[in-house]
Amino acid sequence: MISYKITLKGLVQGVGFRPFVYREAKVHAMMGFVINTADGVVIEAEGCECEAFIKALRENLPKHARIDSMEIVEREFCGYSDFEIRESTLGVGSVAIPLDTALCPACQAEMDDSSNRRYRYPFINCTDCGPRYTIIQIPPYDRVRTSMKHFTMCSKCEAEYTDPSSRRYHAEPISCPDCGPKLRFLDNNGNEIAGDPIALAVEMLKAGKIIALKGLGGFHLMCDATSDTSVSELRRRKHRKTKPLAVMFSSLEQLETYTEMNEDERSIINGPIKPIVIVRAKNGTNLSAHVAPAIDRLGVFLPYTPLHRLLFEAIDFPLIATSANISDEPIIVRADEIAHRLGNVVDGILSHDRSIINALDDSVIQMAQGRVVMLRMGRGFAPHTLPLTNPLTKSILALGAHHKSAIALGAKKNMVLSGHIGDLGSIEADGYFERTIKTFKRFYDCEPDSLIHDLHPTYTSTRYAVENNKDHIGVQHHYAHILACMGEYGLDEKVLGFAFDGTGYGEDGNLWGGEVMIADTHGFERIGFLKPFALLGGDKAIKEPRRIALSLLFERYSLDEVLVLKSPTTEAFLDHEIRQLHHMWLKKINAPLSSSMGRLFDAVASLGGFIQTLDYEGQGGMIMESFVDDSITEPFDFTVTDREIVLSPMVEQIVVLSRQSDAKRLIASRFIATVEVMMQHFVDSHSELPIIIGGGVFQNHALMSRLYRRFGNGRFYAQQQTPINDGSIALGQLYYTLHNLPHPEDAGSFRGL
Ligand code: ZN
Ligand code: ZN
Ligand code: FE
């Protein structure tokens with residue numbers, strides 16, 4: 001007889017882990033107990049088959065569980081007479097926060113079975129599926145600390161909840177039609193309408209109306225995605241002109257008829273999380289052209305709650321399902337707020353009384369060469385916990401950047417990155433930012449000792465750090481992009497980093513964004529960058545790529561030449577406007593310099609005649625992407641002089657090409673090839689270093705696919721678990737700080753994934 005204490009960390013709560021341990025203990029005739037504690041799941045086990053039991057724990061893990069570490073200590077024999085599951089102890093430690101999961105097949109089968117007591121029950125769940133993070137007040141994850149505490153279990157539910165052999169043993173949100181939450185249908189003033197809520201919602205959707213529907217992390221706005229009238233009405237009411245809208249399909253079969261998916265995309269779309277995945281749209285379907293104008297890709301997902309499924313029982317067309325918010329503000333989680341703030345957008349509200357405690361947008365993912373590119377980390381993936389092997393003695397809060405805001409906390413034995421907060425700068429977004437900070441402090445029971453921020457002086461996040469009277473450290477934005485990737489992979493060696501981005505504040509006060517650096521966890525050296533160009537009119541140039549393109553033309557041609565130049569860019573201006581902007585350029589009036597690769601994409605989109613004025617960020621790149629032909633690999637010309645990547649030769653070639661037929665296909669493809677070759681130039685002179693990339697430009701599917709093909713067999717690192725854009729700036733800031741604490745012993749040590 002041997003006796004062991006086993007401590008497990010990782011995703012071990014809310015995934016049916018304790019019943020799993022119980023079952024394995026029974027199989028191997030072990031005695032003792034299993035308990036959720038502040039330090040993870042602790043098992044005390046005695047018996048003759050200890051080795052086989054431990055092996056089974058490792059090998060037969062429940063579907064969503066993940067063991068990050070397993071510590072096994074031999075201990076004194078106690079002589080337990082049975083194996084039991086003990087109640088959780090309070091407190092927080094290194095347990096990863098359990099994540100929300102889509103309806104599982106077993107629950108789906110039950111809700112479809114007319115003899116089951118949960119037949120057509122909109123809140124069915126089990127230890128394999130259902131809400132988690134979105135309903136937790138504070139860990140550890142137990143019903144009394146979730147929004148389900150308001151619902152008293154009936155005797156049948158309680159019997160399942162306490163039966164270790166049941167799939168719902170300690171399924172914290174367990175409920176049934178007798179004891180659980182109830183659906184309600186409201187009009188756009190928030191007044192309840194009598195009748196079957198689902199039937200009322202279906203009726204409205206069929207009539208082309210717009211409804212708000214409560215999902216896991218917030219409300220969606222939904223309408224018929226095949227109806228031009230409905231979709232354009234939604235756009236009109238939401239003031240959202242052309243930014244693509246996500247579409248929910250009833251089934252994989254229906255999705256097949258609208259999109260072209262490969263095996264990787266199909267498996268993530270239909271997997272346990274069911275995030276939004278960006279895939280190629282088929283031509284000639286009945287989907288409204290207003291869903292994703294001018295681009296050939298579509299954000300799609302499948303029903304992930306039982307309520308979604310019930311809706312699709314009666315609806316045979318795909319539905320727009322976009323986060324209910326005002327422009328880029330946080331997702332709304334309460335029905336009264338929908339009525340109050342979006343009452344003029346929706347015609348009705350399908351809601352219920354299980355409250356959402358932590359708002360969370362849907363995750364958005366793209367696959368490139370079989371690898372995940374995380375565009376927005378939310379439901380099912382956030383918060384993302386990276387374990388530390390040694391506990392921190394201090395806690396550190398990193399505040400991220402401004403757009404696609406997210407925060408990261410280093411406390412005790414964790415680095416935790418929050419989900420997508422949104423673009424800061426509105427009262428709602430800034431409020432959500434501060435609420436997320438509070439949630440993290442509560443979850444990890446800490447008051448941060450240091451605050452880490454971007455260098456940009458006017459970001460809400462920077463101001464928060466500076467005004468808080470604590471230690472605060474600024475980390476350069478593009479360096480943070482590289483560090484975020486290093487953090488995800490646990491790297492601390494010297495690397496060659498490419499940070500290609502929109503705009504971020506540089507150390508010289510210019511707007512950086514096309515940066516090549518040699519970096520480690522202590523600092524970086526900028527070894528290459530796009531030769532800075534003027535953003536004529538500052539922020540206005542970000543909306544109007546033609547202004548950036550024009551400044552590139554001024555770099556290459558005289559004013560007189562530009563005035564007679566035949567180019568889509570010059571054609572988008574009147575002569576006197578060109579003269580005026582030239583004056584601005586010459587005198588450097590409201591013409592901040594930028595080395596941003598994102599802005600270069602925009603400029604090329606103008607020079608190539610793709611688009612002159614943007615409606616949303618990244619639109620230029622997205623439109624160009626649909627013209628990329630992978631068989632065209634000839635780059636444009638550029639030179640590298642004293643660290644500066646000089647683009648005038650390319651600008652001239654594009655101007656000439658833009659007059660040809662088939663110009664768009666050639667320009668888009670050759671431009672992507674140029675970026676690739678630009679990177680190759682630096683890789684060749686630093687071939688001993690691992691390649692790291694980061695920044696919003698890498699959201700470009702065509703570029704990422706080509707990079708994986710070109711560099712993927714070597715030491716090439718691109719984030720897969722955390723966002724490749726500004727959504728992981730906080731992770732990079734935190735990773736830097738953990739390596740640069742005044743007392744190195746505070747730093748813990750890192751374990752890559
Ligand atoms: Zn289930
Ligand atoms: Zn019940
Ligand atoms: Fe950035």
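Conventions used here
- Residues numbered from 1 in each chain as written.
- Chains lettered and ligands numbered in written order.
- Predicted model: local features only at pLDDT ≥ 70, side-chain atom pairs only at ≥ 80, totals over all residues.
- Heavy atoms only, no water.
- Helix = DSSP H or I, 4+ residues; strand = E, 2+ residues; numbered from the N terminus.
- Contact = heavy atoms within 4.5 Å.
- Donors = N, O, S within 2.8 Å, 3.2 Å for Na, K, Ca; no water.
- Tetrahedral: all angles 85-135°; square planar, octahedral: opposite > 155°, others 65-115°.
- Buried < 20%, exposed > 50% of the residue type's maximum accessible area, 1.4 Å probe, protein only.
- Polar contact = N/O pair within 3.5 Å; in protein donor to acceptor, adjacent residues only side chain to side chain.
- Core = buried A, V, L, I, M, F, W, Y, C linked by side-chain atoms within 4.5 Å.
- Pairing = 2+ DSSP bridges.
- Axes fitted to C-alpha atoms, helices over the stretch in contact; angles between N-to-C directions.
- Phe/Tyr/Trp six-rings, centres within 6.5 Å; stacked < 30°, edge-to-face > 60°.
- Lys NZ or Arg CZ within 6 Å of the ring centre and 35° of its normal.
- Salt bridge = Lys/Arg side-chain N within 4 Å of Asp/Glu carboxyl O.

Novice: With reference to specific residues and values, describe the environment of Gly425.
Specialist: Structurally, the position occupied by Gly425 is in the loop between β20 (414–417) and α11 (427–444). Here the alpha-carbon distance between Gly425 and Leu741, two residues 316 residues apart in the chain, equals 31 Å. Look past the residues within four positions of Gly425 in its chain and what remains in contact with it is His402, Asp430 and Thr460.

Novice: With reference to specific residues and values, describe the coordination of the zinc ion (ligand 1).
Specialist: Protein ligation of the zinc ion (ligand 1) involves Cys104 (SG), Cys107 (SG), Cys126 (SG) and Cys129 (SG), the donor distances falling in the range 2.2 to 2.4 Å. One way to put it: the four donor atoms around the zinc ion (ligand 1) meet at angles of 103 to 120°, and that makes the site tetrahedral. Mapped onto the sequence, the donors of the zinc ion (ligand 1) take the spacing C-x2-C-x18-C-x2-C. Taken together, the residues Cys104 in the loop between β5 (83–85) and α3 (105–112) and Cys129 in the loop between α3 and α4 (155–161) connect sequence positions 25 residues apart. On the basis of relative accessibility, which here comes to 0%, the residue Cys129 falls in the buried class.

Novice: Can you explain the side chain of His478? Please cite residues and give values.
Specialist: Note on placement: His478 falls in helix α13 (residues 477–489). Engagement of the side chain of His478 in a polar contact is seen with the side chain of Asp501, the distance being 3.3 Å. Each residue touching His478, except ones within four places of it in the same chain, is listed here: Ala499, Asp501, Gly504, Trp512, Gly513, Glu515 and Met517.

Novice: Which residues make up the nonpolar core, and what values go with them?
Specialist: Membership of the largest hydrophobic core comes to 233 residues, with the highest contact counts inside it found for Phe498, Leu600, Ile693, Phe698 and Met704. If one sorts the elements of this core by residue count, helix α22 (residues 663–685) sits on top with 11 residues.

Novice: Go over the sheet that holds strand β4 (residues 66–74) with me, naming the residues and quoting the values.
Specialist: Pairing is mixed in the open sheet, where five strands are placed in the order β4-β1-β3-β2-β5. The strands lining the two open edges of the sheet, one partner per strand, are β4 and β5. Here the strands of the sheet are splayed against their neighbours by 15° on average, with no regard to which way each runs. In terms of strand pairing, strand β2 (residues 31–37) meets strand β3 (residues 40–47) through seven bridges, oriented antiparallel. Of the residues in β3, the one forming a bridge with Phe33 is Glu44. Contacting β1 (2–11), β2, β3, β4 and β5, helix α1 (residues 17–27) runs over the sheet at an angle of about 175° to β5.

Novice: Hey, could you go over the sheet that holds strand β19 (residues 408–411) for me, with residue numbers and the actual values?
Specialist: What the six strands build is an open sheet, ordered β17-β20-β19-β18-β21-β22; its pairing is mixed. The open sheet has two free edges, formed respectively by β17 (384–387) and β22 (471–474), since each of these has just one partner strand. If you compare each strand with its neighbour and ignore which way they point, the axes differ by 15° on average. Bridge count for β19 against β20 is four bridges, and the pairing is antiparallel. Within β20, the residue paired with Ala408 across the bridge is Leu417.

Novice: Describe in detail the coordination of the iron ion (ligand 3), supporting the description with residues and values.
Specialist: Coordination of the iron ion (ligand 3) by the protein comes from His477 (NE2), His481 (NE2), Asp501 (OD), Asp501 (OD) and Asp726 (OD), over a distance range of 1.9 to 2.8 Å. Here the donor residues of the iron ion (ligand 3) are spaced in sequence according to H-x3-H-x19-D-x224-D. Taken together, the residues span a long stretch of sequence, with Asp501 in strand β23 (residues 495–505) and Asp726 in the loop between β31 (716–717) and α24 (729–739) at a distance of 225 residues. Both residues of the pair, Asp501 and Asp726, count as buried.

Novice: So what's going on with the packing of aromatic side chains? Residues and values would help.
Specialist: If you walk through the whole model with that rule in mind, you get 20 aromatic pairs. Geometrically, the ring pair formed by Tyr133 and Phe443 is edge-to-face, given 6.0 Å between the ring centres and 75° between the ring planes. Remark: Phe443 occurs in helix α11 and Tyr133 occurs in the loop between α3 and α4; sequence separation between them is 310 residues. Each member of the pair Tyr133 and Phe443 is classed as buried. By the ring-pair criterion, three or more aromatic residues cluster together here, those being Tyr479, Trp512, Phe524 and Tyr736. Lying across the ring of Phe33, Arg86 places its NZ or CZ 3.7 Å from the centre. A cation over a ring is seen here: Arg526 above Trp512, with NZ or CZ 3.7 Å from the ring centre.

Novice: Describe the pattern of salt bridges, naming the residues involved and giving the relevant values.
Specialist: Using the criterion set out here, one finds 44 salt bridges in the structure. When the shortest N-O distance is used, the salt bridge between Glu110 and Arg167 registers 3.0 Å. A residue pair is termed long-range when its members are at least 10 positions apart, and Glu110 in helix α3 and Arg167 in the loop between α4 and β6 (183–187) qualify at 57 residues. Of the charged contacts, one joins Arg266 and Glu256 as a salt bridge, the two residues approaching to 2.8 Å between their closest N and O atoms. Highlighted residues: Arg266 in helix α8 (residues 263–269) and Glu256 in helix α7 (residues 252–258), separated in sequence by 10 residues.

Novice: Can you lay out helix α19 (residues 597–607) for me, pointing to particular residues and giving the numbers?
Specialist: Burial runs high along α19: 11 of the 11 residues are buried. Turning to α19, its buried residues number three or more, namely Met597, Gly598, Arg599, Leu600, Phe601, Asp602, Ala603, Val604, Ala605, Ser606 and Leu607. With its phi angle positive at about 80°, Gly609 sits one or two positions after the end of α19.

By themselves these figures say nothing about function.
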